[in-house]
Amino acid sequence: MADETKTKFDSGQYEKMIKNVDTHEDELRKQFLGASSGIRLAADLGERVHAGNPEWPAIQSLNESLGVLGKSAETMNEKTSKDWRKFTEALNDAKRVFEDTDDLASYSATEFVQDYPDLGQQAPAG
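These numbers were taken from a predicted model, which means no experiment stands behind them.

### What to know about the overall build of the protein
Summing up its helical and strand segments, the protein has four helices and zero strands in all. The linear arrangement of helices and strands in the protein, starting from the amino end, is α-α-α-α. In the protein, buried positions account for 25% of the 126 residues. For the protein, restricting intrachain contacts to residue pairs at least 6 apart in sequence, the fraction spanning at least 24 positions comes to 63%. Accessible surface, the protein as shown: approximately 9,200 Å² in total, 53% of it carbon and sulfur.

### Points about the nonpolar core
Listed in full, the ten residues of the largest apolar core are Tyr14, Ile18, Val21, Leu91, Ala94, Val97, Phe98, Leu104, Tyr107 and Tyr116. Listed by contribution, the elements that provide at least two residues to this core are helix H1 (11-33) and helix H3 (57-100). Ranked by residue count, the leading element in this core is H3, at four residues. Every residue in contact with Ile18, bar those within four places of it in the chain, is listed here: Thr88, Leu91, Asn92 and Lys95.

### Focus on H1
Relative to the 33 Å expected for 23 residues at 1.5 Å per residue, H1 spans 32 Å between its end C-alpha atoms, a close match to the ideal helical length. Among the residues of H1, those classed as buried are Tyr14, Ile18, Val21, Glu25 and Leu28. Where H1 is buried, its residues meet H3.

### A look at the pattern of salt bridges
A complete count under the given rule lists five salt bridges for this structure. Across the pair Arg85 and Glu25 runs a salt bridge, and its minimum N-O distance is 3.3 Å. One end of the pair, Arg85, is in helix H3; the other, Glu25, is in helix H1, and 60 residues separate them in sequence. The exposure class assigned to Arg85 is partly exposed, which follows from its relative accessible area of 36%. Exposure remark for Glu25: the relative accessible area of 3% places this residue in the buried category. Across the pair Arg48 and Asp44 runs a salt bridge, and its minimum N-O distance is 2.8 Å.

### A look at the packing of H1 against H3
For any two helices packed against each other, the geometry is given by the interaxial angle and the distance between the axes. Across the interface, H1 lies against H3 with an axial gap of 10 Å and an inter-helix angle of 165 degrees. Relative to H3, the element H1 lies roughly antiparallel. Helix-helix and strand crossings are classified by hand; for H1 and H3 the assignment is left-handed.

### Some remarks on the packing of aromatic side chains
How two aromatic rings sit relative to each other is given by the distance of their centres and the angle of their planes. The final tally for this structure, using the stated rule, is one aromatic pair. Residues Phe112 and Tyr116 carry aromatic rings whose centres are separated by 5.2 Å and whose planes lie at 40 degrees to one another, so their mutual orientation is tilted. Look at Tyr116 and you get buried, because its relative accessible area is 11%.

### Examining the confidence of the model for the protein
Per-residue confidence for the protein gives a mean pLDDT of 80, with 87% of residues at or over 70. Taking the mean pLDDT of every element in the protein, the minimum, 81, falls on helix H2 (residues 45-48) and the maximum, 87, on H3.

Thresholds, definitions, all that
Residues numbered from 1 in each chain as written. Predicted model: local features only at pLDDT ≥ 70, side-chain atom pairs only at ≥ 80, totals over all residues. Heavy atoms only, no water. Helix = DSSP H or I, 4+ residues; strand = E, 2+ residues; numbered from the N terminus. Buried < 20%, exposed > 50% of the residue type's maximum accessible area, 1.4 Å probe, protein only. Contact = heavy atoms within 4.5 Å. Areas by Shrake-Rupley, 256 points an atom, 1.4 Å probe, with all protein chains shown as cover. Core = buried A, V, L, I, M, F, W, Y, C linked by side-chain atoms within 4.5 Å. Expected span 1.5 Å × (residues − 1). Salt bridge = Lys/Arg side-chain N within 4 Å of Asp/Glu carboxyl O. Axes fitted to C-alpha atoms, helices over the stretch in contact; angles between N-to-C directions. Parallel < 35°, antiparallel > 145°, perpendicular 65-115°, else oblique. Left-handed = near helix turned anticlockwise from the far one by under 90°. Phe/Tyr/Trp six-rings, centres within 6.5 Å; stacked < 30°, edge-to-face > 60°. pLDDT = per-residue confidence, 0-100.

Here it is, written out as structure tokens:
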């Protein structure tokens, strides 16, 4: 009979979770950060949109605003990508707790956050 007093770790399910997180980071990189011949939210957005006569002040302002928007989106996407990679690395590092701990029920959340701070709760940015 299985010992139902211990919490066991399913390494297969944990690996699936890491792969899923990794896949989404790859999608982010390909869709928003990779080189592209089309229009995308990047610093050169104002140069790629050709609306009306570029000599008109309203169009110049639009293109400048699009450049600011594109740069802002690019910066946020790059930060998200870095944060995502850091989280994936932290998930991989945390596998050690499951290998080193026989009974997860006896392993405290406080100890886990101390040992793996990148997986602890983060204060919202703002």
